[in-house]
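# Coordinates in review
Each chain is listed here by its residues.
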Number of protein chains: 2
Amino acid sequence: MRIGIIGAGNVGTTLGRGWLGRGHEVVFGLRDLGAERLAKLRAAAGEGARGADPAGAAAGAEVVVVATPWGAARAAIDGAGDLAGKVLLDCTNPLRGDLGGLELGLATSGGEQLAGWAPEARVVKIFNTTGVETMADPRYPDGAAAMFYCGDDADAKRTAASLAADLGFEPIDAGPLSRARLLEPLALLWIRLAIEGGSRGLAFRLMRR
Amino acid sequence: MRIGIIGAGNVGTTLGRGWLGRGHEVVFGLRDLGAERLAKLRAAAGEGARGADPAGAAAGAEVVVVATPWGAARAAIDGAGDLAGKVLLDCTNPLRGDLGGLELGLATSGGEQLAGWAPEARVVKIFNTTGVETMADPRYPDGAAAMFYCGDDADAKRTAASLAADLGFEPIDAGPLSRARLLEPLALLWIRLAIEGGSRGLAFRLMRR
């Protein structure tokens, strides 16, 4: 397959290297293409990497990959020429510059709203990202299911984590209560995968190496 | 530990049964407590389960668990009496009744915005929920990392999934492009866990049984 990659940062070059190793043709779209830039690109992505201007990289490609920072995504699209019918892989995230949140949506969460209703309680968001079958037994062939939790009181979080561990979960500290903005979408992802995949025997695991 | 559980549905009774089995004391807060209701509760959660009115269940508990539907969460808090200093575990999700979205936030995504900029391209959101180290090699001791993707064009999604599989990922179809509203928060969760845990050797796996 011929793949055009817009964005020659870490993500673009890593994906390009992987696909080159699997026999795909990879062309990076670069606005500042010169001998030195191309040499640098090939050092990062592999000798087989080619370079072109962004529209040229997209023109002959069956798949166009947008692997830029969010702030550069609009310019990447506008500079890529005619994209009609192209398969376009969007690897971006609309992250705030401080990596503290997303630029789109996510201004509050149920967890924070609930804490507002019980302002003197020490609220921990937990047990919202999997199904009851997994709560009854979190052991999967691959290992223990993750139980993500978040809250603003360290002692309350320790208690919550120990109650998750009692059930057999691997408790994962996801930070302050505002992270419920991330754990509630994760719950909805679980729900949609269970409904659309036709099975509730699903759980997330956080793998480490 | 004494645990008060508000909400005796599937989630509340499953958690209660698990904690009773680990030697915790579990009291369910029920507004309609009678002999029949209590018998039903014990059938679901275990013979050791006790019942009280919601304020009574919370009063003596070190940990109060809110395991109601989102629409009943406010009433659960208001009926639970004095929660000052209590550890409160929030297991709710502010789901829309059709399970199609969240009642709070998440009205759009970067993926949808990007597709609006390239209206004739066939956009797939993918390669946004893990780090480049995992993109270079998605094999973990527990198995292959998941690569969630979403889009509105079935053929484009097949292409995207095959390119993820080429790298060694387990591609996971997360549905239409609007699911970027869920995959972008998942990316931010990955970022926060990597930053706060001090390691980028992290990846999500979707486990099945």
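The text that follows walks through the structure, step by step, so that each part is easy to find. Note that this is a predicted model, so its numbers are computed, not measured.

### Quick notes on the overall build of chain A
For chain A, the helix and strand inventory stands at eight helices and 11 strands. In summary, chain A has a C-alpha radius of gyration of 22 Å against a globular reference of 17 Å for 209 residues, an excess of more than 25%. Considering only C-alpha atoms, chain A reaches an extent of 60 × 40 × 30 Å along its principal axes. Residue burial in chain A is summarised as follows: out of 209 residues, 57% are buried. Accessible surface, chain A as shown: approximately 7,900 Å² in total, 49% of it carbon and sulfur.

### Regarding the packing of helix H8 (residues 180-197) of chain A against helix H8 (residues 180-197) of chain B
One way to put it is that H8(A) packs onto H8(B) with a least axis distance of 8 Å and a crossing angle of 130 degrees. On the basis of their axis angle, the class for H8(A) and H8(B) is oblique. When you trace H8(A) past H8(B), the crossing you get is left-handed. Residue-level inspection shows A:Arg181, A:Leu182, A:Leu183, A:Pro185, A:Leu186, A:Leu188 and A:Leu189 of H8(A) in contact with H8(B), the latter providing B:Arg181, B:Leu182, B:Leu183, B:Pro185, B:Leu186, B:Leu188 and B:Leu189. Among the residues making up the contact of H8(A) with H8(B), the classes are represented as 12 nonpolar, no polar and two charged.

### Details of the side chain of A:Thr13
Residues and elements named next belong to chain A. For Thr-13, the location among the structural elements is in helix H1 (residues 10-21). Residue Thr-13 is classed as buried on the basis of its relative accessible area, which comes to 7%. Of the polar contacts made by the side chain of Thr-13, one reaches the backbone oxygen of Asn-10; its length is 3.4 Å.

### What to know about the packing of helix H7 (residues 154-167) of chain A against helix H1 (residues 10-21) of chain B
Helix packing geometry: the angle between the two helix axes and the distance between the axes. At a minimum axis distance of 9 Å, the contact between H7(A) and H1(B) shows a crossing angle of 80 degrees. When the interaxial angle is binned, H7(A) and H1(B) end up roughly perpendicular. Within the contact between the two elements, H7(A) uses A:Leu163, A:Asp166 and A:Leu167 and H1(B) uses B:Leu15, B:Gly18 and B:Trp19. Class assignment for the residues of the contact of H7(A) with H1(B) results in four nonpolar, one polar and one charged.

### Some remarks on the relation of the copies chain A and chain B
Mapping between the two copies of the chain is achieved by a rotation about an axis and a shift along the axis. Rotating chain A by 180 degrees and translating it 0.0 Å along the rotation axis places it on chain B, where the RMSD comes to 0.0 Å. Seen this way, the second copy is the image of the first under a two-fold rotation axis. Comparing interface residues between copies, 100% of those in chain A also lie at the interface in chain B; the contact surface is shared.

### Things to note about the interface of chain A and chain B
Between chain A and chain B, the contact holds 104 residues from the first and 105 residues from the second. Each partner contributes to the roughly 8,800 Å² buried at the junction of chain A and chain B, and carbon and sulfur atoms together form 68% of this total. With a shortest N-O distance of 3.4 Å, B:Asp166 and A:Arg22 are connected by a salt bridge. Summed over the shared surface of chain A and chain B, the number is 40 residue pairs in polar contact (both at pLDDT 80 or more). In terms of residues, the side of chain A that touches chain B owes the most to one element, H8(A), which gives 14 residues. A per-class count over the side of chain A that touches chain B returns 60 nonpolar, 22 polar and 22 charged. Here four bridges tie strand S6 (residues 122-125) of chain A to strand S5 (residues 87-90) of chain B, and the two strands are oriented parallel to one another. Across the sheet, the residue bridging to A:Lys125 is B:Asp90, located in S5(B).

Conventions and cut-offs
- Residues numbered from 1 in each chain as written.
- Chains lettered and ligands numbered in written order.
- Predicted model: local features only at pLDDT ≥ 70, side-chain atom pairs only at ≥ 80, totals over all residues.
- Heavy atoms only, no water.
- Helix = DSSP H or I, 4+ residues; strand = E, 2+ residues; numbered from the N terminus.
- Rg over C-alpha atoms; globule rule 2.2 N^0.38 Å.
- Buried < 20%, exposed > 50% of the residue type's maximum accessible area, 1.4 Å probe, protein only.
- Areas by Shrake-Rupley, 256 points an atom, 1.4 Å probe, with all protein chains shown as cover.
- Axes fitted to C-alpha atoms, helices over the stretch in contact; angles between N-to-C directions.
- Parallel < 35°, antiparallel > 145°, perpendicular 65-115°, else oblique.
- Left-handed = near helix turned anticlockwise from the far one by under 90°.
- Contact = heavy atoms within 4.5 Å.
- Nonpolar A, V, L, I, M, F, W, Y, C, P; charged D, E, K, R; others polar.
- Polar contact = N/O pair within 3.5 Å; in protein donor to acceptor, adjacent residues only side chain to side chain.
- Least-squares fit on C-alpha atoms with pLDDT ≥ 70 in both.
- Buried area = accessible area lost by both parts, 1.4 Å probe.
- Salt bridge = Lys/Arg side-chain N within 4 Å of Asp/Glu carboxyl O.
- Pairing = 2+ DSSP bridges.

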